[in-house]
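Observations on the model geometry
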Amino acid sequence: MTESSPIASAEELPRTLPIFPLSGVLLLPRGRLPLNIFEPRYLAMIGDAMASAPLVGIVQPMDSEQEGDPPEVYKIGCVGHITSFKESDDGRYLITLTGVCRFDVGKELPIMLSGYRRVRAHYNRYIGDFIRAKDETVDCSRLKTILRAYFQLHGIDVNWNAMENATGEGLVTSLAMICPFAPSEKQAILETRHFAERIEVITALMEMAVLARVRGDDSGIH
């Protein structure tokens with residue numbers, strides 16, 4: 001499912017952005033990402049964001065196994081607008097982020113006492129993210145051809161009537177975010193230059209996974 005954020009241009013986005021490093025998590029413009037927040041530093045981050053600009057950057061660490069120092073993160077992330085917020089009885093935050101625009105990760109600022117990380121964010125290369133792709137310009141035919149085999153491969157149950165009738169950006173964004181791609185594959189999807197390339201990358205990843213199973217090579221399955 002996708003949803004538009006009320007933020008309409010890069011001028012409305014902050015230059016200093018708190019980041020939430022999450023391995024294997026993908027957020028795309030107009031995608032919706034539910035999160036269960038329980039770590040103290042990220043509770044502080046969300047609390048601070050809700051008190052000012054309800055925006056955080058979702059990025060992936062380059063090495064999720066790294067211990068000690070904060071892990072280096074990939075240089076491209078996506079800004080998420082907190083469009084749903086609820087505090088649970090045990091103090092957790094249940095939020096939904098709606099993707100706004102990708103950003104380049106610039107200089108990292110010193111970590112504050114609250115413990116979360118902040119960076120200088122640059123949006124200039126991603127102004128096109130504010131423009132929704134028109135359904136009639138999105139060719140999903142090859143993608144839909146491989147979907148059934150890919151979902152069967154991973155044991156994913158879907159409403160096929162709804163899936164076959166789905167079109168356009170909403171379908172592609174939802175598939176990119178929910179499918180069990182490897183972290184590096186999700187980063188490749190995020191870094192596509194334009195929407196048509198994003199469709200090509202997702203389709204190719206699915207085709208390679210299915211072909212690997214047909215050949216009996218589990219190395220291509222994640």
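The sections below set out a description of the structure shown in this document. What you are looking at is a predicted structure, and each value in this text was computed from that prediction instead of being measured. (Residues numbered from 1 in each chain as written. Predicted model: local features only at pLDDT ≥ 70, side-chain atom pairs only at ≥ 80, totals over all residues. Heavy atoms only, no water.)

Taken as a whole and judged by the stated rule, the model has 10 salt bridges. The shortest N-O distance in the salt bridge between Glu169 and Arg30 comes to 2.7 Å. Taken as a pair, Glu169 in helix α4 (residues 168-178) and Arg30 in the loop between β1 (16-21) and β2 (32-37) lie far apart in primary sequence, 139 residues in all. You can call Glu169 buried: its relative accessible area is 5%. A cluster of three or more residues bridged by salt bridges with shared partners is formed by Arg30, Arg132 and Glu169. (Salt bridge = Lys/Arg side-chain N within 4 Å of Asp/Glu carboxyl O. Helix = DSSP H or I, 4+ residues; strand = E, 2+ residues; numbered from the N terminus. Buried < 20%, exposed > 50% of the residue type's maximum accessible area, 1.4 Å probe, protein only.)

In terms of nonpolar packing, the biggest core is built from 66 residues, with Leu13, Leu35, Ile37, Leu97, Phe103, Tyr123 and Met206 touching the most fellow members. Not counting residues within four places of it along the chain, the set of residues in contact with Leu97 comprises Leu27, Gly31, Arg32, Leu33, Leu35, Val56, Ile58, Gly80, His81, Ile82 and Thr83. (Core = buried A, V, L, I, M, F, W, Y, C linked by side-chain atoms within 4.5 Å. Contact = heavy atoms within 4.5 Å.)

Below, the discussion takes up the packing of aromatic side chains. This model, assessed by the stated rule, comprises six aromatic pairs. Geometrically, the ring pair formed by Phe85 and Tyr93 is tilted, given 4.9 Å between the ring centres and 55° between the ring planes. You can call Phe85 partly exposed: its relative accessible area is 36%. On the basis of relative accessibility, which here comes to 15%, the residue Tyr93 falls in the buried class. Seen in terms of ring centroids, Tyr150 and Phe151 are 6.2 Å apart; in terms of plane orientation they differ by 55°. Their pairing is tilted. (Phe/Tyr/Trp six-rings, centres within 6.5 Å; stacked < 30°, edge-to-face > 60°.)

Attention shifts here to the pairing of strand β6 (residues 117-122). By the bridge criterion, four bridges tie β1 to β6 in an arrangement that is antiparallel. The residue bridging Pro18 from the neighbouring strand is Arg118, located in β6. The pairing of strand β5 (residues 93-108) with β6 spans three bridges and is classified as antiparallel. Residue pairing in the sheet places Glu108 in a bridge with Val119 of β6. (Pairing = 2+ DSSP bridges.)

Think of an α-helix as 3.6 residues a turn; residues three or four steps apart then line up on the same face. Summarising burial for α4: nine of the 11 residues are buried, a large majority. Considering only its buried residues, α4 is in contact with β2, α2 (141-154), α3 (160-165), α5 (183-190) and α6 (195-214).

Across the chain, the bulk of peptide bonds are trans and the bulk of non-glycine residues have phi less than zero. For Arg30, which is not glycine, the phi dihedral falls at a positive 75°. On the basis of relative accessible area, Arg30 is assigned to the buried category, the value being 8%.

Right, let's talk about empty space enclosed by the protein for a bit. Applying the stated rule across the entire model yields one cavity of 30 Å³ or more. Taken as a whole, the largest cavity holds about 60 Å³ of empty space. Taken together, Val25, Leu26, Leu27, Ile58, Val59, Gln60, Ile76, Gly77, Cys78, Gln187 and Leu190 make up the lining of the largest cavity. Those elements that place two or more of their residues in the lining of the largest cavity are β3 (55-59), β4 (76-87) and α5. Considering every element that reaches the lining of the largest cavity, the biggest residue donor is β4, with three residues. Classifying every residue of the lining of the largest cavity by side-chain character gives eight nonpolar, three polar and no charged. (1 Å grid on protein atoms, 1.4 Å probe; cavity = no way out; pocket = protein on both sides within 12 Å on 5 of 7 lines; lining within 4 Å. Points joined across faces, edges and corners; volume = space filled by probe spheres on them. Nonpolar A, V, L, I, M, F, W, Y, C, P; charged D, E, K, R; others polar.)

The next subject is the side chain of Arg102. The residue Arg102 is located in strand β5 in this model. A distance of 2.7 Å separates the side chain of Arg102 from the backbone oxygen of Thr192, its partner in a polar contact. Contact partners of Arg102, with chain neighbours within four places excluded, come to Ile76, Gly77, Cys78, Tyr123, Tyr126, Asp129, Leu190, Glu191, Thr192, Arg193 and Arg198. (Polar contact = N/O pair within 3.5 Å; in protein donor to acceptor, adjacent residues only side chain to side chain.)

For Arg118, the location among the structural elements is in strand β6. Sequence separation between Arg118 and Lys107 is 11 residues, and the spatial gap between their C-alpha atoms is 8.8 Å. One polar contact links the side chain of Arg118 to the main-chain carbonyl oxygen of Pro110, over a distance of 3.2 Å.

Nothing here speaks to function; it is geometry throughout.
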